[in-house]
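Each chain, letter by letter, is given below.
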Amino acid sequence: MVVLQFFIVQKLSILFIMVFEILLFLFSLIIIQYRVEQFIYKRVQKIYKDVSILDIEDLDKNTITSNMETLSKNVKRFAENKRLEIENLKVREDYRREFLGNVSHELKTPLFTVQSYLLTLLEGAIDDKDVRIKYLERANSGVERLNHIVKDLDMISKLEIGDLSINYQRFNILNLIENVFDLLEIEAKKRIVSLSFSQVYETPIIVNADKNRIQQVLINLVANSIYYGKTNGTTLVSVKFYKSSKVIISVIDNGSGIESEKISRLFERFYRVDKSRSRNQGGTGLGLSIVKHIIEAHNEEVFVDSKLNKGSTFSFTLQNV
């Protein structure tokens, strides 16, 4: 009996020691895990502090782990996000540099024109009446071009920051298109371009939009179709019902068209498909950019479809009522 009791006590002692050792091992493992995580966190935190492009607020202590594979994935993901941010900043910097260069170039040409004519007058040409009138008229044209550029830039800036109010009203889009045809009739006759609707419309088509802004959109698109279309060509304007409670207005020409790789840049400020022709026509290079911003300010869409040597179609949607 005594031997049996001794045997049981011995077994219990061994069992207790084993349980104690297991608990001690688990406790030690937890302590070591905690210490390792603290060590890694402090080292990574120091890296964040040492590298100026890393933001210490982006470091989440809960993501720090002794699992090096997980840590490596987190660091790679962070590095990829930062790389994308840097690339985005570079793209913006390139755009800013290109934009400033374009503005400088666009302003320099009319400024040089005005300055050269005024200097010629100051150097003695002012005494000749015919030369004086001609040079003053040309200088005035240069000032008007500068004024157009500044006005267009001001409008784009206001549209981008949402500072240009959109005054919604209901109006017949067909009547507005006819008014634009009348305004551009002389320019169309110069290039022998016919302006007309794509079909006969027997009933009014009412839209809800800012009438003055949409007129500006139509003037820009129809004028472009005249200037970039071929001589003795045609410009058709189509109005069709589009999806639910919308219409789509399309300006269609049979001109030279646009190369596919250039279409994506058409709405950039100062971008020109044909730089020499656009400047000769007195364009600012801001017309399509203004079109895009006005349509987007209406929460609508603008589309381009063009085929080289066949013509182009510029379309935009409006709310139908």
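Residues numbered from 1 in each chain as written. Predicted model: local features only at pLDDT ≥ 70, side-chain atom pairs only at ≥ 80, totals over all residues. Heavy atoms only, no water.

Trainee: Where do I start with the overall build of the protein chain in this structure?
Mentor: The helix and strand inventory of the protein chain stands at 9 helices and 7 strands. A sequence separation of at least 24 residues applies to 71% of the contacts in the protein chain between residues at least 6 apart. Counting every atom, the protein chain has about 20,800 Å² of accessible surface; 57% of that belongs to carbon and sulfur. (Helix = DSSP H or I, 4+ residues; strand = E, 2+ residues; numbered from the N terminus. Contact = heavy atoms within 4.5 Å. Areas by Shrake-Rupley, 256 points an atom, 1.4 Å probe, with all protein chains shown as cover.)

Trainee: What exactly am I supposed to notice about the nonpolar core here?
Mentor: Generally speaking, nonpolar side chains in soluble globular proteins are found buried as a group. Grouped together as the largest cluster of nonpolar side chains are 46 residues, with contacts concentrated most on Ile173, Ile214, Leu218, Val239, Ile249, Phe316 and Leu318. Listing elements by their share of this core, those giving two or more residues are α3 (129–160), α4 (173–183), β3 (206–209), α6 (211–228), β4 (234–242), β5 (246–253), α9 (287–297) and β7 (311–320). Here this core takes 8 residues from α6, the largest share from any one element. (Core = buried A, V, L, I, M, F, W, Y, C linked by side-chain atoms within 4.5 Å. Buried < 20%, exposed > 50% of the residue type's maximum accessible area, 1.4 Å probe, protein only.)

Trainee: What exactly am I supposed to notice about the packing of aromatic side chains here?
Mentor: Describing an aromatic ring pair means giving the distance of the ring centres and the angle of the ring planes. Scanning all chains against the criterion turns up 4 aromatic pairs. Site record: aromatic cluster; members linked through ring pairs are Phe181, Phe197 and Tyr201. (Phe/Tyr/Trp six-rings, centres within 6.5 Å; stacked < 30°, edge-to-face > 60°.)

Trainee: Whenever I open this one, the environment of Lys190 confuses me. Can you help?
Mentor: By secondary structure assignment, the location of Lys190 is in helix α5 (residues 185–190). Measuring from C-alpha to C-alpha, the distance between Lys190 and Ile226 comes to 9.4 Å, with 36 residues separating the pair along the chain.

Trainee: Can you help me understand a nonpolar patch on the surface in this one?
Mentor: A cluster of nonpolar residues, Leu15, Val19, Ile22, Leu23, Phe25, Leu26 and Leu29, forms a patch on the protein surface that exposes about 670 Å² of accessible area. Tracing the backbone through its elements, the reader meets Phe25 in helix α1 (residues 2–50). (Patch = residues over 30% accessible without salt bridge, like charges linked within 9 Å, V, L, I, M, F, W, Y side chains within 5 Å. Salt bridge = Lys/Arg side-chain N within 4 Å of Asp/Glu carboxyl O.)

Trainee: Any chance you could explain the side chain of His298 here in plain terms?
Mentor: Along the chain, His298 turns up in the loop between α9 and β6 (302–307). Among the residues examined, His298 registers a relative accessible area of 4% and is labelled buried. Not counting residues within four places of it along the chain, the set of residues in contact with His298 comprises Ile166, Tyr168, Ala209, Asp210, Arg213 and Ile214.

Trainee: Even after reading the chapter, I still don't get the pattern of salt bridges, so can you show me in this structure?
Mentor: Once the charged atoms of two side chains with opposite charge are near each other, the side chains can pair. Across all of its chains, the model carries 6 salt bridges by this definition. A salt bridge links Glu300 to Lys246, with the shortest nitrogen-to-oxygen separation between them at 2.9 Å. One end of the pair, Glu300, is in the loop between α9 and β6; the other, Lys246, is in strand β5, and 54 residues separate them in sequence. Notably, a salt bridge pairs Glu259 with Lys262, separated by 3.9 Å at the nearest N-O pair.

Trainee: Mind showing me how you'd approach the packing of α3 against α9 here?
Mentor: Packed helices, taken two at a time, are described by the angle between their axes plus the distance between the axes. Across the interface, α3 lies against α9 with an axial gap of 10 Å and an inter-helix angle of 30 degrees. Overall, the two elements α3 and α9 adopt an arrangement that is roughly parallel. Judged by the twist between their axes, the crossing of α3 over α9 is left-handed. Of the residues in α9, those touching α3 at Asp152, Met155, Ile156, Leu159 and Glu160 are Ser289, Ile290, His293, Ile294 and Ala297. (Axes fitted to C-alpha atoms, helices over the stretch in contact; angles between N-to-C directions. Parallel < 35°, antiparallel > 145°, perpendicular 65-115°, else oblique. Left-handed = near helix turned anticlockwise from the far one by under 90°.)

Trainee: Even after reading the chapter, I still don't get the environment of Ile219, so can you show me in this structure?
Mentor: Within the element layout of this structure, Ile219 appears in helix α6. Each C-alpha atom, one on Ile219 and one on Val291, is 9.7 Å from the other, the two residues being 72 residues apart in sequence. Apart from the residues within four sequence positions on either side, Ile219 is in contact with Val180, Leu183 and Leu184.

Trainee: Looking at this model, I keep getting lost on the packing of α6 against α9. Mind explaining?
Mentor: Put simply, α6 and α9 touch, their axes get as near as 9 Å, and they point 145 degrees apart. Seen from above, α6 lies across α9 with left-handed handedness. Counted together, Arg213, Ile214, Gln216, Val217, Asn220, Leu221 and Asn224 of α6 and Gly287, Leu288, Ile290, Val291, Ile294 and Ile295 of α9 form the full contact between these two elements. Within the contact of α6 with α9, the residues separate by chemical class into 8 nonpolar, 4 polar and 1 charged. (Nonpolar A, V, L, I, M, F, W, Y, C, P; charged D, E, K, R; others polar.)

Trainee: Please explain the confidence of the model for the protein chain as it appears in this structure.
Mentor: The predicted coordinates should not be examined in detail at positions where pLDDT is low. The pLDDT averaged across the protein chain works out to 78; a share of 74% of its residues lies at or above 70. Ignoring residues within four places in sequence, the model shows residues 276–280, a span with pLDDT below 50, making 9 contacts including any to other chains. (pLDDT = per-residue confidence, 0-100.)

Trainee: Quick question: what am I supposed to make of the side chain of Asn320 here?
Mentor: You can see Asn320 is positioned in strand β7. In this structure the side chain of Asn320 is engaged in a polar contact, spanning 2.7 Å, whose partner is the backbone oxygen of Ile206. Residues within four places of Asn320 in sequence aside, it is in contact with Ile205, Ile206, Val207, Phe241, Ser245, Lys246 and Val247. (Polar contact = N/O pair within 3.5 Å; in protein donor to acceptor, adjacent residues only side chain to side chain.)

Trainee: What is the right way to look at unusual backbone geometry in this model?
Mentor: Trans peptide bonds make up most of the peptide bonds, and negative phi angles are found at most residues other than glycine. A positive phi is found at Ile192, a non-glycine position, where the angle reads about 55 degrees. Residue position: Ile192 is located in the loop between α5 and β2 (194–197). The residue Ser245 is not glycine, and still its phi comes out positive at about 55 degrees. Relative to the helices and strands, Ser245 resides in the loop between β4 and β5. For Ser245, a relative accessible area of 39% translates into the label partly exposed.

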